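The lines below spell out each chain.
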Amino acid sequence: MSLTSPEGKEQIQKGYTVLKQIEQQMQKERLDNSLLLSLSNDFYTLVPHNFGHQRPPVINNEEMLKIHMVEALAGMQIADANDENPVGVSCKKLSTGEIVANTHQRRLPVTAHTTSADLHT
């Protein structure tokens, strides 16, 4: 699935749903840090971000939550306006794309038969 496709908007919507779950958890008197970590990871999985080699931060305060919510809402509006959405743009910046399994399956036998080892004759 390409995140620049109509499914990209669905990904953003799913991410927004996770943010709403985080918001509900933050409204409780006692924060469950392990649940916030899990929900944050779910959000970052649904909506790609570029953190380099650093660990993504746990969304555990109101400021971070609001920033991500605004970004998600803006992404949904942009996805409605055109086919290119922020998730797709992020994926392009991260140089990710769709991997077609059949392509890899075809390459492997070709590679095995073109090596010079006697094993592959």
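Residues numbered from 1 in each chain as written. Predicted model: local features only at pLDDT ≥ 70, side-chain atom pairs only at ≥ 80, totals over all residues. Heavy atoms only, no water.

Chemist: What's the story with the pattern of salt bridges in this structure? I'm lost.
Modeler: A side chain of one charge can pair with a side chain of the opposite charge if their charged atoms are brought near each other. Overall, the coordinates contain two salt bridges when judged by the stated rule. When the shortest N-O distance is used, the salt bridge between E62 and K66 registers 3.1 Å. Pair noted here: E62 and K66 are both in helix α3 (residues 62-81), with a separation of four residues, about one helical turn. In this structure K66 comes out as partly exposed when scored by relative accessible area, which is 48%. (Salt bridge = Lys/Arg side-chain N within 4 Å of Asp/Glu carboxyl O. Helix = DSSP H or I, 4+ residues; strand = E, 2+ residues; numbered from the N terminus. Buried < 20%, exposed > 50% of the residue type's maximum accessible area, 1.4 Å probe, protein only.)

Chemist: I keep staring at helix α2 (residues 33-46) and nothing clicks. Help me out?
Modeler: Since the α-helix turns once every 3.6 residues, residues separated by three or four places project in the same direction. Between its terminal C-alpha atoms α2 stretches 20 Å, which fits the 20 Å expected from 14 residues at 1.5 Å a residue. If you check which residues of α2 are buried, you get L36, L39, S40, F43, Y44 and L46. Seen from one end, α2 has its buried residues packed into an arc of 160 degrees, which puts them on one side. Facing away from the buried side of α2 by more than 90 degrees, the exposed set consists of S34 and T45. (Expected span 1.5 Å × (residues − 1). Arc of directions from axis to C-beta.)

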